[in-house]
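# Fold and contact review
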Amino acid sequence: MNERITGAEALIKSLIAEGIDLVFGYPGGAIIPVYDKLYDYTDQLKHILVRHEQGATHAAQGYARVTGRPGVVIVTSGPAATNVITGLSDALMDSTPLVVITGQVASSFLGSDAFQETDVVGITQPITKWAYQIRRAEDIPWAVARAFYIANTGRPGPVVLDIAKDAQNGLLEWSHQKCTYIRSYIPYPKINDEDLKAAADIINSAKRPMILSGHGVMISGAEKELAAFAEKADIPVAATLLGLSTIPSDHRLYKGMLGMHGNIGPNINTNRSDVIIAIGMRFDDRVTGDTSKYAPQAKIVHIDIDSSEFDKNIKTDATIHGDAREVLEKLLPLINPADHSEWLKTFDECAKVEREKVIEREVFRTEGTMTMGEVAHKVSKATGDKAVLVTDVGQNQMFSSRYFRYTDPKSILTSGGLGTMGFGLPASIGAKMGAPERTVCFFTGDGGLQMTIQELGTIMEYGTDVKIILLNNNFLGNVRQWQELFFNSRFSQTPMVNPDFVAIANAYGIAAENVETREQLDDAIARMLNHKGAYMLNVNIDPTDMIFPMTPAGAAVDDIMLNANEKYQIN
């Protein structure tokens, strides 16, 4: 007979059996039995006490994104369960594996409007890969194994287990068997040889091909295969926001970021290309602009683990359903060596214009108030371009993503699909805990920081060495930019009266300083990076600073603003 234990202890032992050694959470009444048993396993399962349940989900996302392993969250019922909704939705949009465990009232009270009862499964089903309520102790090991299998296979995503209190207290004979198969769920499809040949034929006939590298390349660990594929066929590579760092910034074939605030070359040449190879990306509207005017001359080859993305936004000419790394391994022998040097030169022409019209102004300004671009550039350079960049959402996100440079894989964490302000601070905590050997630089604005500012308490408690760069312009900067460009400078509810951020950081035991002038910046960055422990720079930023280039919402991808008054002229 196997050991008889409570459901709460079975949950802890099942997590450990799945290889989990770190969880993020916040205790409460309906999950107390689990926390009571956790007390006996602290040498095997470290618990990080966040200051808000939303912070737990974002911290778990940060951990998952740098490690490739599922992030785990444990919270109670009712408001705790509803507080994780934003993180679940964010994780689903950005394909991040999470297992979120919520407490629930005893099964006999379900449907009675008991204290802190919420229909967790009903609420979370639309924003998870799987949501399941456990009412019997003996179902816990099975459900945990299934949850991890679903969360971390195929296109990763979040899973919720809602555990009734009587299931936590009930007894069972414990054993744990990992899940490796679920009927009707095929996370890794067999790659079709005919699809490979059809795609190869299109690629081999291309004169102006371009690779679009998305988050799926990072998730599958296909960075080396991507580089080998691009090098053999001499194809330029552009990255989505979440695909940044899938190829080093200094690689000769890397031509920049796609999208609304991406680099000019990739966006202009999207509409000049004759073949586009999209790998692990979903043709998001921020990348495509007006889909009716997107890549009109190009045949589209789409590689993705999720077949529902095929033809959803952009009509394809060939699709390959499979994991990015496996597909590229199989496709590489079918691709002919090529020379696209003339095509590659057209990106250089665009880059020259961008440097003269945008980058010189943003990164190398010598007069006036500091810009976000120059701060991001200098921090990246000071880290040897080796740091993990974590961003919040807004102008700080776009500037830092553009002007950071990437040497190693898994070097950017940002909220792409949902665009969650407040994501960055807890995500940076999870990132540092997942990759303690790496420098983690968190860029944020004054608006986003204050949405989850309580997580400075988590940094204080655990001594998490996160470098915080607050780009402070006393505005909700991204909305302000749109108001100036498209709403006649009517700055409705975007100016902000801010607190003394340095005093707040100091109150949490975090070293911090104000950076008022450009002349102070280099020394301040050096002090931050040399300091052992968390450090905040509160950097005074020009409130009129705007992020360019910019493709306005709903415009064609090659309809690019260089500044508020000038557009890129297509030759």
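In case you missed it, the structure is sitting above this.
Residues numbered from 1 in each chain as written. Predicted model: local features only at pLDDT ≥ 70, side-chain atom pairs only at ≥ 80, totals over all residues. Heavy atoms only, no water.

### Notes on the nonpolar core
Where a protein is soluble and globular, its nonpolar side chains tend to be buried together. Let me state the cut-off plainly: In this text, buried Ala, Val, Leu, Ile, Met, Phe, Trp, Tyr and Cys residues form a nonpolar core when linked through side-chain atoms within 4.5 Å. Burial classes: relative accessible area under 20% of the type maximum marks a residue as buried, over 50% as exposed, and values in between as partly exposed (1.4 Å probe, protein chains only). Whether two residues touch is decided by their heavy atoms; if any such pair falls within 4.5 Å, the residues are in contact.
Membership of the largest hydrophobic core comes to 73 residues, with the highest contact counts inside it found for Ile-277 and Phe-443. Discounting residues that sit within four places of it in the chain, Phe-443 has contacts with Val-375, Ala-376, Val-379, Leu-389, Val-390, Thr-391, Asp-392, Asn-396, Ser-400, Phe-404, Ile-469 and Leu-471. Ranked by size, the runner-up nonpolar core spans 49 residues in total, among them Tyr-63, Val-121, Ala-431 and Ile-510.

### Details of helix α15 (residues 341-363)
Note the threshold: Runs of E in the DSSP output that reach at least two residues are strands. Runs of H or I that reach at least four are helices, and both are numbered from the N terminus. A helix is expected to span 1.5 Å for every residue after the first. What the bend at a residue measures is the angle between two axes, fitted to the seven residues ending there and to the seven starting there.
For α15, built from 23 residues, the straight-helix expectation of 33 Å at 1.5 Å per residue is missed by more than 12%, its first-to-last C-alpha distance being only 29 Å. When the local axis directions of α15 are compared, the greatest deviation, roughly 45 degrees, occurs at Arg-355. Of the positions making up α15, those classed as buried are Trp-343, Leu-344, Thr-346, Phe-347, Cys-350, Glu-354, Val-358, Ile-359, Glu-362 and Val-363. In the core, the buried residues of α15 are packed alongside β9 (209-213), β11 (254-257), α12 (264-270), α16 (372-382) and α17 (395-403).

### Some thoughts on unusual backbone geometry
Excluding glycine, most residues fall at negative phi; most peptide bonds, likewise, are trans. In this structure, the amide linkage connecting Phe-548 to the following residue, Pro-549, adopts the cis form with an omega of 0 degrees. In this structure, Pro-549 sits in the segment after β20 (535-540). Within the chain, Gln-116 stands out as a residue other than glycine whose phi angle is a positive 60 degrees. The partly exposed category is assigned to Gln-116, whose relative accessible area is 27%. One non-glycine residue, Phe-283, lies in positive phi territory at about 50 degrees. Turning to its location among the elements, Phe-283 is positioned in the loop between β12 (275-279) and α13 (285-288). With relative accessibility at 2%, the residue Phe-283 sits in the buried group.

### Observations concerning helix α11 (residues 223-233)
Regarding α11, the residues found buried are Glu-223, Glu-225, Leu-226, Ala-227, Phe-229, Ala-230 and Ala-233. Asp-234 sits one or two residues past α11 and shows a positive phi near 55 degrees.

### Some words on the packing of aromatic side chains
Cut-off, in case you're wondering: Note on ring pairs: Phe, Tyr and Trp rings are taken, using the six-membered ring of Trp, and paired if centres are within 6.5 Å. Classes follow the plane angle, with under 30 degrees stacked, over 60 edge-to-face and the rest tilted. We call a charge positioned over a ring when the NZ of a Lys or the CZ of an Arg lies within 6 Å of the ring centre and within 35 degrees of the ring normal.
Within this structure, the stated rule accounts for 12 aromatic pairs. Summarising the aromatic geometry, the rings of Trp-130 and Tyr-132 are spaced 5.2 Å apart at their centres and angled 20 degrees between planes, so their arrangement reads as stacked. Pairing Phe-399 with Tyr-403 gives two aromatic rings, centres 6.5 Å apart and planes at 25 degrees, and the pair type is stacked. Highlighted residues: Phe-399 and Tyr-403, both in helix α17, separated by 4 residues, approximately one helical turn. Phe-399 gets classed as buried once you look at its relative accessible area, which sits at 0%. An aromatic cluster is defined as three or more aromatic residues linked by ring pairs; in this entry it consists of Trp-130, Tyr-132 and Trp-142. Directly above the aromatic system of Trp-130 lies the positively charged group of Arg-146, at a separation of 5.2 Å from the ring centroid.

### What to know about the environment of Ala-382
With respect to the helices, strands and loops of the structure, Ala-382 is situated in helix α16. A relative accessible area of 46% places Ala-382 in the partly exposed class. Expressed as a C-alpha distance, the spacing of Ala-382 and Ala-526, which sit 144 residues apart in the sequence, is 7.4 Å. Those residues in contact with Ala-382 that lie beyond four places of it in its chain are Ile-525 and Leu-529.

### Notes on the environment of Arg-69
The line we're drawing: Under the rule applied, a polar contact is a pair of N or O atoms within 3.5 Å (in protein, one hydrogen donor and one hydrogen acceptor; residues adjacent in sequence only if both atoms are side-chain atoms).
Topologically, Arg-69 is positioned in the loop between α3 (53-67) and β4 (71-75). On the basis of relative accessible area, Arg-69 is assigned to the partly exposed category, the value being 31%. The spacing of Arg-69 and Asn-83 is 14 residues in sequence and 23 Å in space, taken between C-alpha atoms. Apart from the residues within four sequence positions on either side, Arg-69 is in contact with Gly-19, Ile-20, Asp-21, Tyr-63, Ala-64 and Pro-97. Of the polar contacts made by the side chain of Arg-69, one reaches the side chain of Tyr-63; its length is 3.1 Å.

### Let's talk about the packing of helix α9 (residues 193-204) against helix α14 (residues 324-331)
Rule in force here: Axis definition: a line fitted to C-alpha atoms, limited for helices to the stretch in contact. Angles are taken between N-to-C directions and run from 0 to 180 degrees. For classification, angles of less than 35 degrees are called roughly parallel, those exceeding 145 degrees roughly antiparallel, those between 65 and 115 degrees roughly perpendicular, and all remaining angles oblique. Should the near helix be turned counterclockwise from the far one by less than a right angle, the crossing is left-handed, whereas a clockwise turn marks it as right-handed. Charged means Asp, Glu, Lys or Arg here, nonpolar means Ala, Val, Leu, Ile, Met, Phe, Trp, Tyr, Cys or Pro, and polar covers whatever is left, Gly included.
Axis separation between α9 and α14 bottoms out at 10 Å; the angle between their running directions is 65 degrees. Judged by the angle between their axes, α9 and α14 are roughly perpendicular. Considering the relative orientation of α9 and α14, their crossing is right-handed. Here α9 contributes Leu-196, Ala-200 and Ile-203 to the contact with α14, which in turn contributes Val-327, Lys-330 and Leu-331. Counted by class, the contact of α9 with α14 contains 5 nonpolar, no polar and 1 charged residues.

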